[in-house]
Amino acid sequence: MQDHAQAPVWKQALAGSQMLLVAFGALVLMPLITGLDPNVALFTAGIGTLIFHLVTGGQIPIFLASSFAFIAPILAAKTRFGLEETLGGLMAAGLLYVALSAAIKLRGTGFITRLLPPVVIAPVIMTIGLGLAPIAVHMASGRTGDGSAVLVPYDTAIWVAMTSLLVTIVVAVWAKGIFRMIPIMFGVLVGYALSAVLGIVDTSPIAEAPWFAVPNFVTPEFSWSAVLFMLPVAIAPAIEHIGDILAIGNVTRKNYLEKPGLHRTLLGDGLATSAASMLGGPPNTTYSEVTGAVMLTRNFNPRIMWWAAIVAIVLAFVGKFGAALQTIPAPVMGGILCLLFGSIAVVGLNALIRNQVDLSQSRNLVIVGVTLVFGIGNLVLGQLEGIALCAVVAVVLNLVLPGSKEAWGKRVNEPATD
C-alpha cells in the first residue's frame, strides 16, 4: 500500500486511466440511453469525482459517474418537462443528499436505518432494474428505447444484441485479472465490429466532428413539478452510496463511515450530482465496479482516482471521441443492458437475502409487493410516478405498518461488525 502511495506520477496516471476504463462502459451508456451528451457525462464525472475527493479530504479510492437509477425518471421527465427542467429536478435531487448529510451530521446514522431499512430499499432497487427491462428489450430488438421507432431490422438487431450480450457474459464470468472488470467494453467493441460488418454503423458523424470541441453544456431551469417528480428518486441511490462506501471500506480495511464520515461522503456525492446537473450531465454515483478493480489491483491510493477524473475531463473535449460513442448502434447497447438492468434487480434481491428479511411477515409482504407493482407498473398518483412513487410508498408503509424490529430484517438491528 505504501509503495502505491509513493508511486511515480506517471504510474499513478496510468493506474487512473485503468480505473476510468473500468468505469467507462457504464459511464457512457447511461447518457446514450437518456439522450444526454456523453462528452458532458465524461466531463461531469471527472468534475464530480474531484468535488467528492475535495469534500472528503481525498481519503477514499472511489470514482463517481453516471447513475443508472435515474434512467427511467430522466426519460419520463424529459417527455413531460423538457431537458432543462429535468436537469433542475436532478440538481434538487443532489441537494437532497446535502440535506441528508446535514441530518446525519446532527443525528447520526441510526435514523437512516430506521427510515430506510432493507425491506424498503430492496424492492425500490429491484424496481429500478425490472422497470428498465422494456428499454433493454426494445433496443435489443432494433427499436428506440421507448419502442416507438424501428432503427434496425429485427433479424439483424437480435443477432448483434445477443452477440454483444454473450461476449459481455463470457468476459464477466471467465476472464481473468483486470479484463474481468471491463466486460461492457468487450461487449461494445465486439458488437460494434459485428454491426460494422453488417452495415448498420454510420461513421459519417465521426469524420465530420472536429478533434477539439467544447462539450454541449446545458443550463438547468427550475419548476416545482419537475423538482417534486425527481426528489423521491434520489432515495435509492443515496442508500446505494452507503453500500458502496461500506464495500470500499471492507476492501481497504478502513471505516469510512467514521472517517471522513458518512455525512461528508454523502455531501460529496450530492454536490457532485448537483454540479453535473448544472452543466447538463447525468447524476453522479459511486461506482462499485471501480471498487472491484481496487480490490483486484490492491492499489488503495486515492490519488489514482484524481488521475481518472483528469483523464475523463480531457477526453470530454475530444469531439471525434464523443461522435464515435454516439454511432454505437442501439442493438449493441440493448444486448448489454439486458444484463446490466437485470444485475440491478439482483442487487435489490440480494439485499433482502443478506439482511434476512422475513417475507412471511405480513408487513414485509405488503411493502415489497405493493412497491414492486407500483414501480414496475409505472402507476401515477399526482406528481409521482414509477420509481419516485414506489420509493415514497415503501417509506410510508414501513413507518405506518406495525411489526417487530426483526420484521425489518434480522441484521438491521445488529451492531455493525464489518
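If you're wondering where the values come from, they're calculated on a predicted model, not measured in any experiment.

The rules behind the values
Numbering of residues begins from 1 in every chain and follows the order in which that chain's sequence is written. pLDDT decides what is reported in this predicted model: residues at 70 or higher carry local features, side-chain atom pairs at 80 or more are listed and counted, and totals for whole chains, interfaces and linings draw on all residues regardless. Remark: hydrogens and water are excluded; side-chain values derive from all non-hydrogen atoms of the structure. Strands here mean DSSP runs of E at least two residues long; helices mean DSSP runs of H or I at least four residues long; both are numbered from the N terminus. For this measure, only C-alpha atoms enter the radius of gyration; the expected value for a globule follows 2.2 Å times N^0.38, where N is the number of residues. Between buried and exposed lies partly exposed: a residue is buried under 20% and exposed over 50% of the maximum accessible area for its type, with that area taken using a 1.4 Å probe on protein chains only. Two residues form a contact once any of their heavy atoms are found within 4.5 Å. Here the nonpolar core consists of buried residues drawn from Ala, Val, Leu, Ile, Met, Phe, Trp, Tyr and Cys, with membership extended through side-chain atoms lying within 4.5 Å. To count toward a patch, a residue needs a relative accessible area over 30% and no salt bridge; like charges are then connected within 9 Å, while nonpolar side chains (Val, Leu, Ile, Met, Phe, Trp, Tyr) are connected within 5 Å. In short, Shrake-Rupley with a 1.4 Å probe defines the accessible areas, and a residue's cover is counted only from the protein chains shown. By salt bridge we mean one thing: a side-chain nitrogen of Lys or Arg within 4 Å of a carboxyl oxygen of Asp or Glu. For every element, the axis is a line fit to its C-alpha atoms; helices are fit only across the contacting stretch, and the angle between N-to-C directions ranges from 0 to 180 degrees. Any angle between 65 and 115 degrees counts as roughly perpendicular, while under 35 counts as roughly parallel, over 145 as roughly antiparallel, and the rest as oblique. Each crossing is labelled by how the near helix is turned from the far one, with a counterclockwise turn of less than a right angle marking it left-handed and a clockwise turn marking it right-handed. Residues are grouped as follows: Ala, Val, Leu, Ile, Met, Phe, Trp, Tyr, Cys and Pro are nonpolar; Asp, Glu, Lys and Arg are charged; every other residue, Gly included, is polar. Confidence scores here are pLDDT values: one per residue, from the predictor, ranging 0 to 100. For a helix, the expected span equals 1.5 Å multiplied by the number of residues minus one. By convention, a stacked pair of Phe, Tyr or Trp rings (six-membered ring in the case of Trp) has centres within 6.5 Å and planes under 30 degrees apart, an edge-to-face pair has planes over 60 apart, and any other such pair is tilted.

## Quick notes on the overall build of the chain
Helix and strand content of the chain: 20 helices and four strands. In terms of overall size, the chain behaves like a compact globule, its C-alpha atoms giving a radius of gyration of 21 Å where 418 residues would be expected to give roughly 22 Å. Counting only C-alpha atoms and orienting by the principal axes, one finds that the chain spans roughly 60 × 55 × 45 Å. Residues classed as buried in the chain amount to 53% of the 418 residues present. Counted over contacts in the chain with a minimum sequence separation of 6, partners at least 24 positions apart contribute 82%.

## Remarks on the nonpolar core
Core analysis: the largest hydrophobic core is formed by 111 residues, its most contacted members being Leu27, Phe63, Phe68, Phe70, Leu337 and Phe341. Considering each element in turn, this core owes the most residues, 13 residues, to helix α2 (residues 9-34). Excluding residues within four positions of it along the chain, Phe63 makes contact with Leu20, Ala23, Leu27, Ala45, Thr49, Thr285, Thr286, Tyr287, Val290, Met305, Ala308 and Ala309.

## Brief notes about a nonpolar patch on the surface
Together, Leu166, Ile169, Val170, Val173 and Trp174 line one region of the surface with nonpolar side chains, adding up to about 480 Å² of accessible area. With a relative accessible area of 32%, Ile169 lands in the partly exposed category.

## Structural notes on unusual backbone geometry
Negative phi characterises most residues that are not glycine, and trans characterises most peptide bonds. A cis geometry characterises the amide bond from Lys259 onward to Pro260, with omega recorded as 10°. Secondary-structure assignment places Pro260 in helix α14 (residues 257-279). The backbone phi angle of Arg253 is positive, close to 60°, even though this residue is not glycine. Structurally, Arg253 can be placed in the loop between α13 (235-252) and α14. Positive phi, close to 55°, is recorded for Gln356, a residue that is not glycine.

## Focus on the side chain of His241
Mapped onto the elements, His241 comes out in helix α13. With sequence-adjacent residues up to four places away left out, His241 is seen in contact with Phe52, Leu262, Thr265, Leu266, Asp269 and Thr286.

## As for the packing of helix α7 (residues 118-131) against helix α19 (residues 362-376)
Interaxial distance between α7 and α19 falls to 9 Å at its minimum, and their mutual angle equals 25°. It follows from the interaxial angle that α7 and α19 lie roughly parallel. Crossing of α7 against α19: the hand is right-handed. Counted together, Val119, Pro123, Val124, Met126, Thr127, Leu130 and Gly131 of α7 and Arg363, Asn364, Ile367, Val368, Thr371, Leu372, Gly375 and Ile376 of α19 form the full contact between these two elements. Here the residues of the contact of α7 with α19 are counted per class, giving nine nonpolar, five polar and one charged.

## Thoughts on the packing of α7 against helix α20 (residues 386-400)
For any two helices packed against each other, the geometry is given by the interaxial angle and the distance between the axes. Relative orientation of the contacting elements α7 and α20 amounts to 165°, with a least axis distance of 9 Å. The angle between α7 and α20 places the two elements in the roughly antiparallel class. The interaxial crossing formed by α7 with α20 has right-handed handedness. Note on element contacts: α20 touches α7 through Ile387, Cys390, Ala391, Ala394, Val395 and Asn398, opposite Val119, Val120, Val124, Thr127 and Ile128. Residue composition of the contact of α7 with α20, by class: nine nonpolar, two polar and no charged.

## Focus: the confidence of the model for the chain
Predicted coordinates in areas of low pLDDT are best not read in detail. The predicted model of the chain averages 86 in pLDDT, with 94% of residues at 70 or higher. Mean pLDDT across the secondary structure elements of the chain bottoms out at helix α1 (residues 2-5), with 48, and peaks at helix α3 (residues 38-55), with 95.

## Quick notes on the environment of Val124
You can see Val124 is positioned in helix α7. Along the sequence, Val124 and Ala45 sit 79 residues apart, while their C-alpha atoms lie 25 Å from each other. Apart from residues lying up to four places away in sequence, Val124 is in contact with Ala236, Thr371, Cys390, Ala391 and Ala394.

## Structural notes on helix α5 (residues 83-107)
Taking 1.5 Å of rise per residue, 25 residues should cover 36 Å, and α5 covers 36 Å from first to last C-alpha, within 8% of that figure. Note on α5: the residue one or two positions beyond its end, Gly108, has a positive phi of about 85°.

## Brief notes about the packing of aromatic side chains
Counted by the stated rule, this structure contains six aromatic pairs. With a centroid separation of 5.7 Å and 85° between ring planes, the pair formed by Phe43 and Phe317 is classed as edge-to-face. Of this pair, Phe43 sits in helix α3 while Phe317 sits in the loop between α16 (303-315) and α17 (319-325); the two residues are 274 residues apart in sequence, bridging distant segments of the chain. The class for Phe43 is buried, based on a relative accessible area of 13%. Given a relative accessible area of 23%, Phe317 falls into the partly exposed group. Residues Phe212 and Phe317 carry aromatic rings whose centres are separated by 6.0 Å and whose planes lie at 10° to one another, so their mutual orientation is stacked.

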